[in-house]
Amino acid sequence: MPELPETEVILDHLRKKILGSTISGLRIERKDIIRTGLSSWPWYIGSQIRDISRNGKSIVLSCAKGSKTRYLLAELGMTGLFLFPGSTLGRTKHIHIAITLEHAPVSHLYYWNPRRFGRVYLFDRQHLDQFLQRRFGVDPFAMTHEAFCLTIGQSRGRVKALLLNQHKIAGIGNIYANEILYRAGIHPHAKGCRLSKASLMRLYHSTQTVLREAIAHGGSTIRDFCAPDGTSGRFQEHHAVYQKTATPCPRGCATTIQRLIRERSSFFCPRCQKRN
DNA sequence: CGTTGAACCTGTTTGC
DNA sequence: TGCAAACAGGTTCAAC
């Protein structure tokens, strides 16, 4: 569920409520959620959450105790959420991890994930770095237009697949890939290396603006997503194409939005979105 | 290297 | 009403 904007919204809440707090308890309801470092979980008790960051769609808590720092990296997958007490109503069934906090305005942090496509990793510095390096490309907000145009313009694959490829650009998922391509006027099946310089620049700018607008609107709530305090996103009200099959193209071109099935669903305007 | 399909899971919606 | 199929924000892996 959470793509980059939703992850950024979650980070904002976590930073305001749990940064600097101390972990006084850790209950792991489903051990198979922890993919690496399960045996190190007792270490985290008594550690202080010193930093909260994001790599692509994954969230990293830096936990310090004495002179040592270890890391908890959480992937949310399609349906994962971090929740504070008070927003767990109707979501008690799939809480897989419960963290008890001290010196924080919230008493607990819950990891909820009904489909269990998400995972949690407990890493030391070295293993975290290894993981981040092999897993994630550059963050879209850290990319210059030169780097972005080079990455897309040198690839032979379909541009939508390139936007979704976390090894190249980290953080874009199916909702935002569709919205970004619509706004840039580029067909999802256009080949990266066949895009004009002007198209590449439009793609760069729409990537920046769509993601930033989505964050400003609290992310997109299609079904499950909410911030840790239970707040829903509002950016879905501004979607132009995602799940808008057969509705008129918002640009007023008198065509309707189409859906291409196969791999992941693509939603686009066949008239406004070009292949080069 | 790029593409496709399946797999991993549960829950909800859709269609017969 | 009932049941099966399709579909969902993600990632990985194997096969071609």
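Values in this document were obtained by computation on a predicted structure and should not be read as measured data.

About the criteria used
Residues numbered from 1 in each chain as written. Chains lettered and ligands numbered in written order. Predicted model: local features only at pLDDT ≥ 70, side-chain atom pairs only at ≥ 80, totals over all residues. Helix = DSSP H or I, 4+ residues; strand = E, 2+ residues; numbered from the N terminus. Rg over C-alpha atoms; globule rule 2.2 N^0.38 Å. Buried ≥ 20, exposed ≤ 12 C-beta atoms within 10 Å, placed from the backbone. Contact = placed C-beta atoms within 7 Å. Domains from an automatic or database assignment. Nonpolar A, V, L, I, M, F, W, Y, C, P; charged D, E, K, R; others polar. Axes fitted to C-alpha atoms, helices over the stretch in contact; angles between N-to-C directions. Parallel < 35°, antiparallel > 145°, perpendicular 65-115°, else oblique. Left-handed = near helix turned anticlockwise from the far one by under 90°. Pairing = 2+ DSSP bridges. Near = placed C-beta within 6 Å. Expected span 1.5 Å × (residues − 1). Arc of directions from axis to C-beta.

Asks: Mind showing me how you'd approach the overall build of chain A here?
Replies: Summing up its helical and strand segments, chain A has six helices and eleven strands in all. Rg of the C-alpha trace for chain A: 20 Å, near the compact-globule value of 19 Å for 276 residues, within the 12% margin. By the burial criterion, 39% of the 276 residues in chain A qualify as buried. Restricting the contact set of chain A to residue pairs at least 6 apart, pairs at least 24 apart contribute 64%.

Asks: Just checking my understanding: could you explain the domain arrangement of chain A for this structure?
Replies: Put simply, an interface is often sized by how much accessible area is lost when its parts join up. Splitting chain A by domain gives domain 1 (4-135) and domain 2 (140-268). Between domain 1 and domain 2, the C-alpha centre-to-centre distance is 28 Å. At eight residues, helix α1 (residues 4-17) tops the list of elements feeding residues into the side of domain 1 that touches domain 2. Its residues assigned to classes, the side of domain 1 that touches domain 2 comprises nine nonpolar, six polar and three charged.

Asks: Any chance you could explain the packing of helix α5 (residues 174-184) against helix α6 (residues 197-216) here in plain terms?
Replies: What describes two packed helices is the angle between their axes and the distance between those same axes. Where α5 meets α6, the closest approach of the two axes is 8 Å, and the angle between their N-to-C directions is 130°. Between α5 and α6, the interaxial angle falls into the category oblique. Handedness of the crossing formed by α5 with α6: right-handed. Here α5 contributes Tyr-176, Glu-179, Ile-180, Arg-183 and Ala-184 to the contact with α6, which in turn contributes Ser-199, Arg-202, Leu-203, Ser-206, Thr-207, Val-210, Leu-211 and Ala-214. A per-class count over the contact of α5 with α6 returns seven nonpolar, three polar and three charged.

Asks: Before we go on, may I ask you to explain the pairing of strand β4 (residues 58-65) in this structure?
Replies: Looking along a regular strand, one sees side chains alternate from face to face of the sheet. In this structure, strand β3 (residues 48-55) lies alongside β4, joined through seven bridges in antiparallel fashion. In the strand pairing of β4, Asn-55 is matched with Ser-58. With antiparallel pairing between neighbouring strands as the criterion, β3 and β4 make up a hairpin whose turn holds two residues, including Gly-56 at a positive phi of roughly 55°. The antiparallel hairpin formed by β4 and strand β5 (residues 68-74) contains two residues in its connecting segment, where Gly-66 sits at a positive phi of about 60°.

Asks: Just checking my understanding: could you explain the protein's contact with DNA strand B for this structure?
Replies: Taken together, the residues surrounding DNA strand B are Lys-93, Pro-114, Arg-115, Arg-116, Phe-117, Ser-155, Arg-156, Gly-157, Arg-158, Ala-161, Arg-262 and Glu-263. A per-class count over the surface near DNA strand B returns three nonpolar, two polar and seven charged.

Asks: Looking at this structure, I do not really get unusual backbone geometry. What am I missing?
Replies: Excluding glycine, most residues fall at negative phi; most peptide bonds, likewise, are trans. Positive phi outside glycine occurs at His-103, with the angle close to 60°. For Arg-116, which is not glycine, the phi torsion reads 55° and is therefore positive. As for its position among the elements, Arg-116 is in the loop between β8 (108-112) and β9 (120-123).

Asks: Would you mind going over α6 with me for this structure?
Replies: Given 3.6 residues per helical turn, the α-helix brings residues three or four places apart onto the same face. For α6, which comprises 20 residues, the first-to-last C-alpha distance of 29 Å matches the rise-based estimate of 28 Å (1.5 Å per residue) to within 8%. Within α6, burial applies to Ser-199, Leu-200, Leu-203, Tyr-204, Thr-207, Val-210, Leu-211, Ala-214 and Ile-215. Buried residues along α6 cover an arc of 145° about the axis, so they all sit on one side. Facing away from the buried surface of α6 by more than 90 degrees, the exposed residues are Lys-197, Ala-198 and Ala-216. Looking at the buried residues of α6, the elements they touch are α1, α3 (145-153) and α5. Positioned one or two residues after α6, Gly-218 has a phi angle of 80°, which is positive.

Asks: How should the environment of Arg-251 be read in this particular structure?
Replies: In this structure, Arg-251 sits in the loop between α6 and β10 (258-260). In sequence terms Arg-251 and Tyr-182 are 69 residues apart; their C-alpha atoms lie 10.0 Å from each other.

Asks: When you look at the pairing of β9 in this model, what are you seeing that I'm missing?
Replies: Note that strand β2 (residues 34-36) and β9 share two bridges and pair parallel. Among the inter-strand pairings, Ile-34 is bridged to a residue of β9, identified as Val-120. Where β5 and β9 come together, four bridges link them in antiparallel fashion. By the bridge assignment, Leu-72 is partnered in β9 with Leu-122.

Asks: Looking at this structure, I do not really get the packing of α1 against α6. What am I missing?
Replies: The interhelical angle for the contact between α1 and α6, taken along N-to-C directions, is 40°, at an axis separation of 8 Å. The orientation of α1 with respect to α6, classified from their angle, is oblique. The hand of the α1/α6 crossing is right-handed. Contacts from Leu-4, Pro-5, Glu-8 and Val-9 in α1 reach Leu-211, Ala-214 and Ile-215 in α6. Across the contact of α1 with α6, the residue classes break down as six nonpolar, no polar and one charged.

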